[in-house]
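Letter by letter, the chains look like this.
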Amino acid sequence: TGERLANELIQTYKEEHSGVFPDKVTFNLWSTECIRNEGIMESKILNLLGVKPVYDGYGKVVDLKVIPRKVLNRPRVDVILIPSGLYRDIFPQLVLLLDKAVKLAAQQDEVDNYVRKNTARHRDMLIEKGVNKSLAKTLSEVRIFSTPDGAYGTGTNTVIDASGSWEEDKEVADVFMNRMHFPYSDAFWGDQPANDSLLIALFQDNLSGTKAVLHSRTSHLYASLDNDDFFQYLGGTALAIRTIDGKSPDVIVSNLTNQGKMKNEKLSYFLSKELQARYFNPTWINSMLDEGYSGGRFVRQVSSNLWGWQVTVADAVDEGKWDNFYDVYVDDTYDLDIAQRFEESKNLYAYQVMISRMYE
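Residues numbered from 1 in each chain as written. Predicted model: local features only at pLDDT ≥ 70, side-chain atom pairs only at ≥ 80, totals over all residues. Heavy atoms only, no water.

1. Brief notes about the overall build of the protein
From N to C terminus, the protein includes 18 helices and nine strands. What you see for the protein is a C-alpha radius of gyration of 22 Å, in line with the 21 Å of a compact globule of 360 residues. A principal-axis box enclosing the C-alpha atoms of the protein has dimensions of 65 × 45 × 40 Å. Taking all 360 residues of the protein together, 54% fall into the buried category. Restricting the contact set of the protein to residue pairs at least 6 apart, pairs at least 24 apart contribute 72%. Summing over all exposed atoms, the protein offers an accessible surface of approximately 16000 Å²; the carbon and sulfur share of this is 48%. Charged side chains in the protein number 40 positive and 51 negative. The centres of these two groups are separated by 9 Å. (Helix = DSSP H or I, 4+ residues; strand = E, 2+ residues; numbered from the N terminus. Rg over C-alpha atoms; globule rule 2.2 N^0.38 Å. Buried < 20%, exposed > 50% of the residue type's maximum accessible area, 1.4 Å probe, protein only. Contact = heavy atoms within 4.5 Å. Areas by Shrake-Rupley, 256 points an atom, 1.4 Å probe, with all protein chains shown as cover. Lys, Arg positive; Asp, Glu negative; His and termini not counted. Charge placed at Lys NZ, Arg CZ, Asp CG, Glu CD.)

The following block contains the structure:
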């Protein structure tokens, strides 16, 4: 499945971008997603790199091997990986496996090997900034970045929520890059082998030129607007790249919720489906408001999380989404007595916050 989705990603990108090859792709990785989908995203990453797993007699992955260029029949795609702190803690063996895959791909001396080309470019950039050749070589091979060991979260959710404390998108992107620039490999485990400014420059150099950013959903239990984690990571990554390059990459959700119909979907489409099926659905709204205070609180969170996507991936939140939000929750198009029910549950504050987000 990972191989199929990797090939579909490349083909779709080329079709939508006049034949341009997606030479660099950035992934967000979560432990809960990996547990649910049993490694589909990791398989997709390996395939993009042109590497495949080696199994023992019990079906356990024990090593990796390179897919020859003539068998792969396309260039190797450079991948940047941004795992959550929990992924790092639960699956350190996968972090090391993916690090090994990058190194194997970079070792292949091929004219169109983007992993190898970018590794050389990173090394030259680091040497130019005064890093010794040995450390520059080791750092240039890193493609995995996250918080320092023992730290969790991108920090962007707090900043985005406190919208009165900043004016420019770059201020939010800077928080993401300051939090997530720590290298992970067989040589570094979230430590600081160089000063912050140099490591941030390396992180930015890795993110720059990203053609697509991907995250996954493997369950309908939590979607993209239930909490702030999804926009923290996928949105934060997209915002960082937009700040560096001045343009947004494609933002894609690997929708793995339907076992027979797993596919890559644009975030804008994924959000639209979710809003129509759940948050603009009178049955869902009724059930939530029947929960009283806590239900109203959850409805308020949806508007705050839509605001999070507005800040980080503005292209995915068109005016119609907010118009529909107004029609359903303020104009009360379904005659659900929404304002009155918020008041009865003694949670008018949640209703006020929801409206303030719409004003903003």
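2. Some points on a nonpolar patch on the surface
A cluster of nonpolar side chains, namely Ile-35, Leu-86, Ile-90 and Tyr-152, defines an oily patch on the protein surface of about 390 Å² accessible area. The topology assignment puts Tyr-152 in the loop between β5 (144-146) and α9 (156-161). (Patch = residues over 30% accessible without salt bridge, like charges linked within 9 Å, V, L, I, M, F, W, Y side chains within 5 Å. Salt bridge = Lys/Arg side-chain N within 4 Å of Asp/Glu carboxyl O.)

3. With respect to the nonpolar core
Membership of the largest hydrophobic core comes to 66 residues, with the highest contact counts inside it found for Leu-267, Trp-309 and Tyr-329. Looking at this core, the element that brings in the most residues is helix α12 (residues 229-245), giving eight residues. Residues within four places of Trp-309 in sequence aside, it is in contact with Ser-224, Leu-225, Phe-230, Phe-231, Leu-234, Gly-235, Leu-267, Leu-271, Ala-314 and Val-317. Among the nonpolar cores identified, the runner-up in size contains 34 residues, and Ala-6, Tyr-87, Leu-98 and Tyr-184 belong to it. (Core = buried A, V, L, I, M, F, W, Y, C linked by side-chain atoms within 4.5 Å.)

4. Overview of helix α13 (residues 267-279)
Leu-267, Phe-270, Leu-271, Glu-274, Leu-275, Arg-278 and Tyr-279 are the residues of α13 that are buried. The arc that holds the buried residues of α13, viewed along the axis, is 130°, so those residues lie on one side. (Arc of directions from axis to C-beta.)

5. With respect to the pairing of strand β7 (residues 212-217)
Among the six residues of β7, six are classified as buried, and the element is accordingly described as predominantly covered. Of the two faces of β7, both are covered, the one formed by Ala-212, Leu-214 and Ser-216 as well as the one formed by Val-213, His-215 and Arg-217. Note that strand β1 (residues 24-29) and β7 share three bridges and pair parallel. When the sheet's bridge partners are listed, Phe-27 is paired in β7 with Leu-214. Summarising the sheet, β7 and strand β8 (residues 250-255) pair through six bridges and their orientation is parallel. Bridging from a neighbouring strand, Val-213 pairs with Val-251 of β8. Each parallel crossover has a hand, and the one from β7 via α12 to β8 is right-handed. (Pairing = 2+ DSSP bridges. Right-handed = clockwise from strand over helix to strand, strands pointing away.)

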